[in-house]
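Listed here are the chains, written in short residue letters.
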2 protein chains.
Amino acid sequence: MFEVTTTGSSPLLGNAQQSQLMVIDILRHAVRRHPQQEIVSRRLEGDIHRYQYQHCYQRTCQLAHALTDLDVQPGDRIATLAWNTYRHVELYYAVSGIGAVIHTVNPRLLADQIQWIINDAEASWLFVDLSFVPLLEEFVHQLKTVKGIVVLADPEHQPELARQWLPSYNYEALIQGKPTTFAWPVFPEHTAAMLCYTSGTTGNPKGVLSSHRSIVLHAQAAAGPELLQLDSDVVLMPMVAMYHVGAWGAPYAALLAGSKLVLPGAGMSGADMYELITTEQVTVALGVPTIWLTLHNHLHTQQLTVPSLTRVCVGGAASPLGLVKLYHERYQVYWQPIWGMTETGPLVTSAPPTRELMALPLKQRYAIQTTAGRACFGVDMEIFDSEGQPVPHDGSSSGELKVRGPWITSSYYRRDDPEVFKDGWLATGDIAVIDPHGYMKVIDRKKDLIKSGGEWISSLDIENITSQHPAVNECCVIGVKHPKWDERPLLLIVPNQNTDIRKEEIYQFLEGKIAKWWMPDEVLLVDSLPHTGTGKLIKHELRDKYLNLFME
Amino acid sequence: MFEVTTTGSSPLLGNAQQSQLMVIDILRHAVRRHPQQEIVSRRLEGDIHRYQYQHCYQRTCQLAHALTDLDVQPGDRIATLAWNTYRHVELYYAVSGIGAVIHTVNPRLLADQIQWIINDAEASWLFVDLSFVPLLEEFVHQLKTVKGIVVLADPEHQPELARQWLPSYNYEALIQGKPTTFAWPVFPEHTAAMLCYTSGTTGNPKGVLSSHRSIVLHAQAAAGPELLQLDSDVVLMPMVAMYHVGAWGAPYAALLAGSKLVLPGAGMSGADMYELITTEQVTVALGVPTIWLTLHNHLHTQQLTVPSLTRVCVGGAASPLGLVKLYHERYQVYWQPIWGMTETGPLVTSAPPTRELMALPLKQRYAIQTTAGRACFGVDMEIFDSEGQPVPHDGSSSGELKVRGPWITSSYYRRDDPEVFKDGWLATGDIAVIDPHGYMKVIDRKKDLIKSGGEWISSLDIENITSQHPAVNECCVIGVKHPKWDERPLLLIVPNQNTDIRKEEIYQFLEGKIAKWWMPDEVLLVDSLPHTGTGKLIKHELRDKYLNLFME
Ligand SMILES: Nc1ncnc2c1ncn2[C@@H]1O[C@H](COP(=O)(O)OP(=O)(O)OP(=O)(O)O)[C@@H](O)[C@H]1O
Ligand SMILES: Nc1ncnc2c1ncn2[C@@H]1O[C@H](COP(=O)(O)OP(=O)(O)OP(=O)(O)O)[C@@H](O)[C@H]1O
Ligand SMILES: [Mg+2]
Ligand SMILES: [Mg+2]
């Protein structure tokens, strides 16, 4: 499906108009159909900001004028270091709308990485949120192509930037008084619109350059019934960052569907989330598993519930059964798994709560909720063995997952990686199984699989089971060197606050649930685990730290 | 939105894969995701046929082999004279899948028109349903390019075709034993996939040639929440013909969404519809207003209800308030208006039952249900005055409706019509208003507007009001020549069975509901009104007949 071709000639072409799929048309449609729908943001200034789609459109037009006045040219990369707020949404649409490229940078990366990425992208302007201004100090002198810095703040909050820095501007001052309409240009839909780098979980981040076409097609799929199921009744809160994987396309999909959009700004704590969910009556929220652990920890300690919330859509890492169950039993929230990666738009698979699924016995339903779901229309996926042969969809044979389709990347930005992009497929680096019904489940990352005595052990499987122990808050399994077996699993556990837990209990708990030879050689209780800026476990850091544990 | 361009160059292209949007991928996705979903057909052989998506796919592959064996080439037009059945669905996918063009012909047209259309299209093969075999006699000798005729029937029902005719084949015999997989080719998405002619309501039918891209994008929009709102829980019965406007794209949209598809075959009577709705538990049905009048007439006479049915999606003609109300009050069925034309894919606007709409007072809701709805994402629409200036969206200023977007036609097949295709818009020939919320309403066709003393009278408005009189089954308003006023309205009424109705009652009923000078000069009671093959009033026939009524 959606095979990749070099476009050839054809004996007879259809007579459809030569319309281009353009990102700005999402916003134009949104404001035509739902002018009064709201976008609510927690601002860095501290307050809650609220406006309607129609105001978003007007300010986006003003921003387009401001960008034009700054001499931003088609194809220019415009970098942002910014949280999820309305101003970032305006940047998404205005920058792509004038034919430039919105280049979101992850501010949680190391200053060195940030600097490297902005220089790699050769960004011409940098838009920063108030809270990241101090961060600039660490790398601003090393920026090679940036002409100026625009601070996303009200004029009265504009900080004094050091003189010797680049020229600096205030966002509101720039757009103020500009016309609230704009004559948006039309250009080929394959034009670049957004540049995102990967999480850097397994190494250095890699640049993914999306086109208008890929963003529009992804937005339609994302909003659709096979993925996020958005419509104008949904109140959507993306807890996944717009500075990374475009908040899973939420700023596009939500507006396409007419959903109310609730943007958390820098408020990533359990208390902040709870507040927005409650006051804005959020119905659907997006985020990685750790986010929902954070929310639960808060709700649990404070004895709170979130009755408006019906679904959390969870990707970026595997869905642990413990959390799936907990969210259902305790909060009546449907945990909807998602799989994707920066290179894939990102959304590809999910398991939304169809009538059929909700009619299943709970146990079967949980089993599906801990897969990554089924592929949506538009993307083709397959698993392959090391010889490149497709592996049966029997739910147990595993292979490397490959995907293809109109919003899948065909190469990294300015980086050659032919192994990843062979034969028209994207090799994901994920090892997965697919069952006869099409449900895909990631067994492990290729780099995280533990090779013990010539056989593979899935770290994700052990984590998934461990996470169900009531005393376990978070856990992680890594493979570390072993004199006899090559590698053996090490289990690291962050216990729940104020809980006493003994190693033996964990072993007892795992017994019978995993194969004997999968049993971790050691269980360590730790205070915390390292996460990437997007909330993922950094396993290579742990592997480095514990590498010789079993060798000593 | 979705403006039309000549594709130019661009400073920076995105790195998305060069995937082509292909019609066959809809079926491949359907069978991957919902292998066991059903397609149920009333066959011409007389029985009800039932199979699953997976069987549809297998037979479509077999058919692709059979077509290849018949030496069907990419770009070839394959004509059908066929009802809505599973075999026709197979033809839709297999023909386009191998790169040829499925060319549906309306068998309700005059034999002369049919023959003209097939020759105009230069079709190489003709697939006919059993019931249309007798029709062949009238024109088969005049076919210039057709190499053979394939009868869609079980072998034991295969009719003896006259020797001197073209070579004839049996569909089942052709596909029997062929492999149930097929290596579908990939080709550019702008390749032609389907050729449909317009209804011929206002003159001769005109050919509309769709591409794979336009069909896939239309299918996604059609299945989406702004148009048909399909998902895997929906049981869809298209009462609009696959031989015309592709049954509004239902064979694509339903499979894309995983809906159960119920195909009525030749069963267009109220009793036939009732039977399928009831036995198959149809939830959503598609058709022109007269179809729902037919169904109501049957239900009414037989004192029946249709509890499974939740929505009828109604386009092709304006939605009369009388029927909208009746379907709600009597059957608890939501009448969902749709606007479109063969040239527009066909679906463009609708008013699905959103939570917001259903919360309105009934009167306001009915007012919206008698518009044509709002434009979906993907299509841009505007109304223009005779000078080509856009007209305000105030709900009362009218102008010619123009549309543009990726599934709108840019020219007719082998026919020059520059007036219709100017400046990147399609001029629809419909005169419409758009209200501030974006709801569009067709006032009349340009050709049906009545010009009385220099002012316009909307025939649709008068029909809409008249239709609410309890004694009126169907009605029609046309403009006929008048010595003083140029044209004056004439109202034709088909009364309900066994009802007595007097002209004066109608005048009384209209009083105060329409402007005095709109009052028809004459009301005639008639036994029936002429319809096109797709169930539309043929006004030009009536105009010809009554042209001089007021002149005599
Ligand atoms: N539902 C899921 N189950 C298991 N793993 C998932 C799931 N969804 C996403 N992932 C993991 O997240 C990866 C995609 O993450 P992302 O694009 O943010 O960068 P990353 O792979 O973490 O970083 P990098 O590629 O730079 O090392 C996938 O390849 C997969 O390993
Ligand atoms: N909701 C609606 N309200 C009013 N009219 C409608 C509606 N939907 C469709 N129509 C009418 O149907 C037309 C499209 O019909 P179709 O493409 O089947 O061919 P036709 O216009 O009837 O025939 P031809 O173009 O050959 O004369 C529209 O142009 C419009 O006049
Ligand atoms: Mg990765
Ligand atoms: Mg027409």
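Just above, that's the structure.
Model, not experiment: these values are computed from the prediction.

Asks: Would you mind showing me how to read unusual backbone geometry here?
Replies: Residues other than glycine predominantly adopt negative phi, and peptide bonds predominantly adopt the trans conformation. Omega for the peptide link from Gly345 of chain A to Pro346 of chain A comes to 10°, which places this bond in the cis form. Looking at the secondary structure, you find Pro346 of chain A in the loop between strand S14 (334–340) and strand S15 (347–350). Of note, Asn498 of chain B is a non-glycine position whose phi angle comes to about 55°, a positive value. Here Asn498 of chain B shows up in the loop between strand S24 (486–495) and helix H15 (503–510). Looking at Asn498 of chain B, the relative accessible area reads 83%, which means it is exposed.

Asks: Can you walk me through the nonpolar core in this structure?
Replies: Generally speaking, nonpolar side chains in soluble globular proteins are found buried as a group. Counting residues in each nonpolar core, the largest one holds 206 residues, and the members touching the most others are Tyr93 and Leu255 of chain A together with Tyr93 and Leu255 of chain B. Summarising the domain contributions, this core has at least three residues from each of domain 1 (20–212) and domain 2 (268–446) of chain B. For Tyr93 of chain B, the residues in contact, after removing those within four places along its chain, are Val23, Ile24, Ile26, Leu27, Thr60, Trp184, Pro251, Tyr252 and Leu255 of chain B.

Asks: Hey, could you run me through the site of ligand 1 in this one?
Replies: Residues and elements named next belong to chain A. What surrounds ligand 1 is a group of 21 residues, the closest being Thr198, Gly200, Thr201, Thr202 and Lys536. Here Thr342 contributes a side-chain N or O atom positioned 2.7 Å from an oxygen atom of ligand 1. Lys536 is positioned with one of its side-chain polar atoms (N or O) 2.5 Å from an oxygen atom of ligand 1. Within the complex, the protein chains bury 95% of what would otherwise be the 630 Å² of accessible surface of ligand 1. Of all the elements in the fold, those that place two or more residues in the shell around ligand 1 are S14 and strand S20 (440–445).

Asks: Could you clarify how one ought to interpret the packing of helix H1 (residues 24–33) of chain B against helix H2 (residues 53–69) of chain B in this entry?
Replies: In helix packing, the relevant descriptors are the interaxial angle and the interaxial distance, both defined with respect to the helix axes. All names here are of chain B. Relative to each other, H1 and H2 sit at 140°, their axes nearing to 8 Å. By the angle between their directions, the pair H1 and H2 is classed as oblique. In this structure, the crossing between H1 and H2 has a hand that is left-handed. On H2, the residues touching Ile24, Leu27, Arg28, Ala30 and Val31 of H1 are Tyr53, Gln54, Cys56, Tyr57 and Thr60. Partitioned by chemical class, the residues of the contact of H1 with H2 number seven nonpolar, two polar and one charged.

Asks: I keep staring at the interface of chain A and chain B and nothing clicks. Help me out?
Replies: Note: interface size is frequently given as the accessible area lost on complex formation between the parts. Taken together, the contact between chain A and chain B spans 77 residues of the former and 76 residues of the latter. Taking both sides of the interface into account, the surface hidden between chain A and chain B amounts to around 6,500 Å²; carbon and sulfur atoms contribute 50%. Counting the contacts that link chain A with chain B gives 10 salt bridges. The closest approach of N and O atoms between Glu226 of chain A and Arg33 of chain B, which form a salt bridge, is 3.4 Å. Elements with a contribution of two residues or more to the side of chain A that touches chain B: helix H1 (24–33), strand S9 (207–211), helix H7 (212–223), helix H12 (355–358), strand S16 (374–375), strand S17 (380–384) and strand S18 (399–404) of chain A. Per-element tally for the side of chain A that touches chain B: the top contributor is H1 of chain A, with six residues. Looking at the side of chain A that touches chain B residue by residue, the class counts come to 34 nonpolar, 28 polar and 15 charged.

Asks: Looking at this structure, how should I read the relation of the copies chain A and chain B?
Replies: Two copies of a chain can be linked by a rotation about an axis combined with a shift along that same axis. Expressed as a screw operation, the relation of chain A to chain B combines 0.0 Å of axial shift with a rotation of 180°, fitting to an RMSD of 0.0 Å. Expressed as a symmetry operation, the mapping of one chain copy onto the other fits a two-fold axis. Relative to the rotation axis, the closest C-alpha in chain A is found at Gly224 of chain A, a distance of 3.4 Å. A symmetric contact is evident, with 97% of the interface residues of chain A recurring at the interface of chain B.

Asks: I'm lost on the pattern of salt bridges in this one. Help?
Replies: Opposite charge on two side chains lets them pair, provided their charged atoms get close. Inspection of the entire model under this criterion finds 68 salt bridges over all chains. Arg43 of chain A is paired through a salt bridge with Asp154 of chain A; the nearest N and O atoms lie 2.6 Å apart. Here the residue Arg43 of chain A occupies a position in the loop between strand S1 (38–42) and strand S2 (48–52), and Asp154 of chain A occupies one in the loop between strand S6 (148–152) and strand S7 (168–170), the gap between them amounting to 111 residues. By the burial criterion, Arg43 of chain A is buried, and Asp154 of chain A matches it. Two residues, Asp272 of chain B and Arg42 of chain B, come together in a salt bridge whose shortest N-O distance is 3.9 Å. Of this pair, Asp272 of chain B sits in helix H9 (residues 270–280) while Arg42 of chain B is found in strand S1 (residues 38–42), placing the two residues 230 residues apart along the sequence. Residue class for Arg42 of chain B comes out buried when judged on its relative accessible area of 12%. Among the charged side chains, a network of salt bridges with common partners joins Arg43, Glu45, Asp47, Arg59, Arg87, Glu90, Asp154 and Glu172 of chain A.

Asks: Is there a simple way to think about the environment of Tyr86 of chain A in this case?
Replies: Residues and elements named next belong to chain A. With respect to the element layout, Tyr86 can be found in helix H3 (residues 86–97). Along the backbone, Tyr86 and Leu263 are 177 residues apart, and their C-alpha atoms lie at a distance of 7.5 Å. Those residues in contact with Tyr86, other than ones at most four positions away along the chain, are Ile39, Ser41, Arg43, His49, Tyr51, Arg59, Glu172 and Leu263.

Asks: When you look at the sheet that holds strand S20 (residues 440–445) of chain B in this model, what are you seeing that I'm missing?
Replies: Within a sheet, adjacent strands bond to each other through the backbone by hydrogen bonds, running parallel or antiparallel. Residue and element names in this part refer to chain B. Read across the sheet, four strands follow the order S17-S18-S19-S20 without closing on themselves; strand pairing throughout is antiparallel. Strands at the two margins of the open sheet, each flanked by one partner only, are strand S17 (380–384) and S20. Between one strand and the next, the sheet's axes are offset by a mean angle of 50°, whatever the strand orientation. Sheet topology places strand S19 (residues 426–434) next to S20; five bridges connect them, and they run antiparallel. When the sheet's bridge partners are listed, Asp430 is paired in S20 with Arg445.

Asks: Please explain the pairing of S9 of chain A as it appears in this structure.
Replies: For a regular strand, side chains alternate in direction, first toward one face of the sheet and then toward the other. Residues and elements named next belong to chain A. Of all the five residues making up S9, five are buried; the element is thus mostly covered by neighbouring parts of the structure. Neither face of S9 is left uncovered, since the one carrying Gly207, Leu209 and Ser211 and the one carrying Val208 and Ser210 both have all their residues buried. Where strand S8 (residues 192–197) and S9 come together, five bridges link them in antiparallel fashion. From the neighbouring strand, Cys196 faces S9, where its bridge partner is Val208.

Asks: Could you clarify how one ought to interpret the site of ligand 2 in this entry?
Replies: Residues and elements named next belong to chain B. By nearness alone, 21 residues border ligand 2, and Thr198, Gly200, Thr201, Thr202 and Lys536 come closest of all. Gly200 places a polar main-chain atom, nitrogen or oxygen, 2.6 Å from an oxygen atom of ligand 2. Thr201 has a polar side-chain atom sitting 2.4 Å from an oxygen atom of ligand 2. When ligand 2 is considered free in solution it has 630 Å² of accessible area, and contact with the protein chains removes 95% of it. For the shell around ligand 2, the element with the most residues is strand S14 (residues 334–340), which contributes three residues. Tallied by class, the residues present in the shell around ligand 2 amount to seven nonpolar, nine polar and five charged.

Asks: When you look at the packing of aromatic side chains in this model, what are you seeing that I'm missing?
Replies: Counted according to the given criterion, the structure contains 30 aromatic pairs over all chains. On the basis of an interplanar angle of 65° and a centroid distance of 5.9 Å, the ring pair of Trp83 of chain A and Tyr243 of chain A is categorised as edge-to-face. Of this pair, Trp83 of chain A sits in the loop between strand S3 (77–81) and H3 while Tyr243 of chain A sits in the loop between strand S10 (235–238) and helix H8 (250–257), and the two are 160 residues apart along the sequence. Take Trp83 of chain A and Tyr243 of chain A: they sit in the same class, and that class is buried. Between the aromatic rings of Phe384 of chain B and Trp425 of chain B, the centroid separation amounts to 5.5 Å while the plane-to-plane angle is 70°, which identifies the pairing as edge-to-face. One end of the pair, Phe384 of chain B, is in strand S17; the other, Trp425 of chain B, is in the loop between strand S18 (399–404) and S19, with 41 residues separating them in the sequence. We note that Phe384 of chain B, like Trp425 of chain B, is buried. A connected cluster of aromatic rings, assembled from ring pairs, spans Trp83, Phe132 and Tyr243 of chain A.

Rules and cut-offs
Residues numbered from 1 in each chain as written. Chains lettered and ligands numbered in written order. Predicted model: local features only at pLDDT ≥ 70, side-chain atom pairs only at ≥ 80, totals over all residues. Heavy atoms only, no water. Helix = DSSP H or I, 4+ residues; strand = E, 2+ residues; numbered from the N terminus. Buried < 20%, exposed > 50% of the residue type's maximum accessible area, 1.4 Å probe, protein only. Core = buried A, V, L, I, M, F, W, Y, C linked by side-chain atoms within 4.5 Å. Domains from an automatic or database assignment. Contact = heavy atoms within 4.5 Å. Near = heavy atom within 4 Å. Polar contact = N/O pair within 3.5 Å; in protein donor to acceptor, adjacent residues only side chain to side chain. Areas by Shrake-Rupley, 256 points an atom, 1.4 Å probe, with all protein chains shown as cover. Axes fitted to C-alpha atoms, helices over the stretch in contact; angles between N-to-C directions. Parallel < 35°, antiparallel > 145°, perpendicular 65-115°, else oblique. Left-handed = near helix turned anticlockwise from the far one by under 90°. Nonpolar A, V, L, I, M, F, W, Y, C, P; charged D, E, K, R; others polar. Buried area = accessible area lost by both parts, 1.4 Å probe. Salt bridge = Lys/Arg side-chain N within 4 Å of Asp/Glu carboxyl O. Least-squares fit on C-alpha atoms with pLDDT ≥ 70 in both. Pairing = 2+ DSSP bridges. Phe/Tyr/Trp six-rings, centres within 6.5 Å; stacked < 30°, edge-to-face > 60°.

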